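Analysis of the macromolecular model
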Amino acid sequence: MNCRSRIHLLSVALMAAATVSAAEHPASLKEAFAAHFPIGAAINRSQATGAPGRRNAELLTQDIALVKAQFNQVTAENDMKWQLIHPREGAEGYDFGPADAFVNFALSHRMEIVGHTLVWHSQTPNWVFAGTNPPPVATNAPLPAAVGTNAVTTNGPGRGRFGPGLVGGFGRYNGPRASREELLQRMRDHIHTVVGRYRGRVKVWDVVNEALADGGPENVLRNSLWLEIIGPDFIAKAFQYAHEADPEAILRYNDYGLENPVKIRKLITLIRSLQEQKVPLHAIGTQAHLNVSTAGFEQMDRSLTELATLGLPIHVTELDINSAQGGQRGTGADVAANAAATQGGLVSDADQKLADAYAGVFRAFLKHQDSVRMVTLWGVNDAVSWRANGRPLLFDGENRPKPAFDAVIREAAAAAAR
Ligand code: XIL
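Keep in mind it's a predicted model, so treat the numbers as computed, not measured. (Residues numbered from 1 in each chain as written. Predicted model: local features only at pLDDT ≥ 70, side-chain atom pairs only at ≥ 80, totals over all residues. Heavy atoms only, no water.)

**Quick look at the environment of A48**
Worth spelling out the cut-off: The helix count covers DSSP runs of H or I at least four residues long, the strand count covers runs of E at least two residues long, and both are numbered beginning at the N terminus. Any two residues whose heavy atoms approach within 4.5 Å are treated as being in contact.
Within the secondary structure layout, A48 lies in helix α3 (residues 45–49). Residues A48 and A76 lie 28 residues apart in sequence; the distance between their C-alpha atoms is 8.4 Å. Each residue touching A48, except ones within four places of it in the same chain, is listed here: I43, A101, F102 and F105.

In structure tokens form, the structure reads like this:
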């Protein structure tokens, strides 16, 4: 063999070593945290079905191998949202295919399944809210009694990725509205059908997502169409219907920004009121869409300490840590503001900062392990993340573990040594 072909072989071998995917990496998140909590990921339709979409077949195969190697819990990133699972009105209007594939994928790999999400202001088709009642004329219409709401909706227009029937994708329906009774009936039918279908298989449901308002303390609930049409008891009703449909399921209230002391106060107000009404609510989901410049042990420790006062299990439901300049203010994670949050390029020294932030956050999870019962990352790797530009996850776009992955594994090892 001549010198040139030797060099070629050597460089092929080196490249192969460098591209060894994390699927073959000796350490796995699920093993490292087995004594503490399940570690999950949100998975997309391609990952659940094996049908290439944004990723070509080779990368998709790697992504799926990574899911199996690293995680023992999965959440459907989109396919159980109302817009995707129930796009048209009525009993014939369901598209169960992708959600069924997701559930089967999880069962065949013995992963815990989270259903996300039953009642949300976003990714909900217009027909749900439509009826014959004219919408209020003024934008500052009278608010429902006994609850403060944010008058200006944060649910602005967004991309139309999810097809017709949903103005702007994440926009708000402005046409004639259903009555309270009609909307409650639709909510009940939807929850009974979806939760009932997966009863005994989907063990945890995000029943209500993001009902709290951003901004100042005066407004507790977000000014959504659910709130405007039904009133503040839409939350209690949703939990009641989900409990009827599967009395064994763990029912979560899920929201973002629970690192912000003002928003935590609102959460505590809401949950205490639901507890006083004996609403079947079994866990708090804190999304934890964090920013690299503020995320770390102190922030997460403070948040978990406050959340734990409710006495309910805490699930970290959508963990990621945005490293894009555009996201380094505040703790908001409204889907409508997502593009702005991932603009401006990465912060300096992003890899190291991300590793430090993840290490701190996991140290806080371990400190609060009596309360923290599940940790789910919002995506499998940076390339498929909803905040891809912010490189917010533990694996890069080729599924190579980043320094943040090693930092997280080190936290588990340190806990084991204590
Ligand atoms: C995101 C998905 O990741 C995206 O693919 C989709 O375009 C928009 O929604 N809070 C939630 C999640 O509860 O459902 C959102 O998921 C991210 C913010």
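There's plenty left to go through after this.
**Description of the nonpolar core**
Put simply, the rule is: Throughout, nonpolar core names a set of buried Ala, Val, Leu, Ile, Met, Phe, Trp, Tyr and Cys residues whose side chains join them through atoms within 4.5 Å. Relative accessibility under 20% of the residue-type maximum defines a buried residue, over 50% an exposed one, and the middle range a partly exposed one, all with a 1.4 Å probe and only protein chains included.
Core analysis: the largest hydrophobic core is formed by 113 residues, its most contacted members being W205, L319, Y358 and F365. If we ignore the near neighbours within four places in the chain, the residues touching W205 are M80, G115, H116, L118, V194, V195, Y198, A249, I250, L251 and R252.

**Description of the environment of E181**
Residue position: E181 is located in helix α7 (residues 180–197). Among the residues examined, E181 registers a relative accessible area of 55% and is labelled exposed. C-alpha separation for the pair E181 and I230, spaced 49 residues apart in sequence, amounts to 7.8 Å.

**Focus: the side chain of Q328**
For the record, the criterion: Under the rule applied, a polar contact is a pair of N or O atoms within 3.5 Å (in protein, one hydrogen donor and one hydrogen acceptor; residues adjacent in sequence only if both atoms are side-chain atoms).
Considering the arrangement of structural elements, one finds Q328 in the loop between β9 (314–322) and α12 (338–341). Side-chain polar atoms of Q328 contact the backbone nitrogen of V292, separated by 3.3 Å. Setting aside anything within four residues of it in sequence, one finds Q328 in contact with N291, V292, S293, N322, S323 and V347.

**Remarks on the packing of aromatic side chains**
Defined as follows: Under the pairing criterion, centres of Phe, Tyr and Trp rings, with the six-membered ring standing for Trp, must be within 6.5 Å; the plane angle then separates stacked pairs below 30 degrees from edge-to-face pairs above 60, leaving the rest tilted.
Inspection of the entire model under this criterion finds ten aromatic pairs. A ring pair is formed by F33 and F37, whose centres lie 5.5 Å apart and whose planes are at 10°; its orientation type is stacked. On the basis of relative accessible area, F37 is assigned to the buried category, the value being 3%. Judged by centre distance (5.1 Å) and plane angle (40°), the rings of F33 and F362 are tilted. Taken together, the residues span a long stretch of sequence, with F33 in the loop between α2 (29–32) and β1 (39–43) and F362 in helix α13 (residues 350–367) at a distance of 329 residues. Using a relative accessible area of 0% as the deciding quantity, one classes F33 as buried. Residue classification places F362 among the buried residues on the basis of a relative accessible area of 0%.

**Overview of the site of the ligand**
Defined as follows: We call a residue near a molecule or strand as soon as one heavy atom of that residue lies within 4 Å of the molecule or strand. Only the protein chains shown count as covering a residue, and every accessible area follows the Shrake-Rupley method with a 1.4 Å probe.
Taken together, 17 residues sit near the ligand, with E77, K81, H116, E318 and W378 positioned nearest. Side-chain polar atom of E77 to an oxygen atom of the ligand: 2.4 Å apart, as the coordinates give it. Note that an oxygen atom of the ligand is positioned 2.9 Å from one of the side-chain N or O atoms of N209. For the ligand, whose accessible area on its own is 410 Å², the fraction buried by protein is 97%.

**Regarding the pattern of salt bridges**
Stated precisely, the cut-off is as follows: By definition here, a salt bridge exists when the distance from a side-chain nitrogen of Lys or Arg to a carboxyl oxygen of Asp or Glu is within 4 Å.
Here the structure, examined in full by the defined rule, presents 19 salt bridges. Residues R197 and D100 are paired through a salt bridge, measuring 2.7 Å at the closest nitrogen-oxygen approach. Here R197 is found in helix α7, whereas its partner D100 is found in helix α6 (residues 97–108), with 97 residues between them in sequence. The shortest N-O distance in the salt bridge between E228 and R177 comes to 2.8 Å. Separated by 51 residues along the polypeptide, E228 in helix α8 (residues 225–230) and R177 in the loop between β4 (130–133) and α7 bring together distant segments of the chain. On the basis of relative accessibility, which here comes to 11%, the residue R177 falls in the buried class. Among the ionic contacts, a cluster of salt bridges with common partners joins R172, R177 and E228.

**Some thoughts on the pairing of strand β6 (residues 250–255)**
Definition in use: Here, any two strands with at least 2 DSSP bridges between them count as paired. When the strands point away from the viewer and the path from the first strand over the helix to the second turns clockwise, the crossover is right-handed.
With respect to burial, β6 is a largely interior element, five of its six residues being buried. Of the strand pairs in this sheet, strand β5 (residues 204–209) and β6 are connected by five bridges, and their pairing is parallel. The residue of β6 that forms the bridge with W205 is L251. Note that β6 and strand β7 (residues 283–286) share four bridges and pair parallel. The residue bridging D255 from the neighbouring strand is T286, located in β7. The parallel pair β6 and β7 is bridged by helix α10 (residues 261–276), and the resulting crossover is right-handed.

**Observations regarding helix α4 (residues 57–70)**
In an α-helix, one turn spans 3.6 residues; hence positions three or four apart end up facing the same way. The criterion, for reference: To estimate how far a helix should reach, multiply one less than its number of residues by 1.5 Å. Note that the arc is computed from the directions linking the helix axis to the C-beta atoms.
For α4, with 14 residues, the first-to-last C-alpha span of 20 Å sits near the 20 Å given by 1.5 Å per residue. Here α4 has its buried residues at L60, D63, I64, L66, V67 and Q70. The buried residues of α4 occupy an angular sector of 155° when the element is viewed end-on, so they sit on one face. Residues E58 and T61 are exposed on α4 and point more than 90 degrees away from its buried face.

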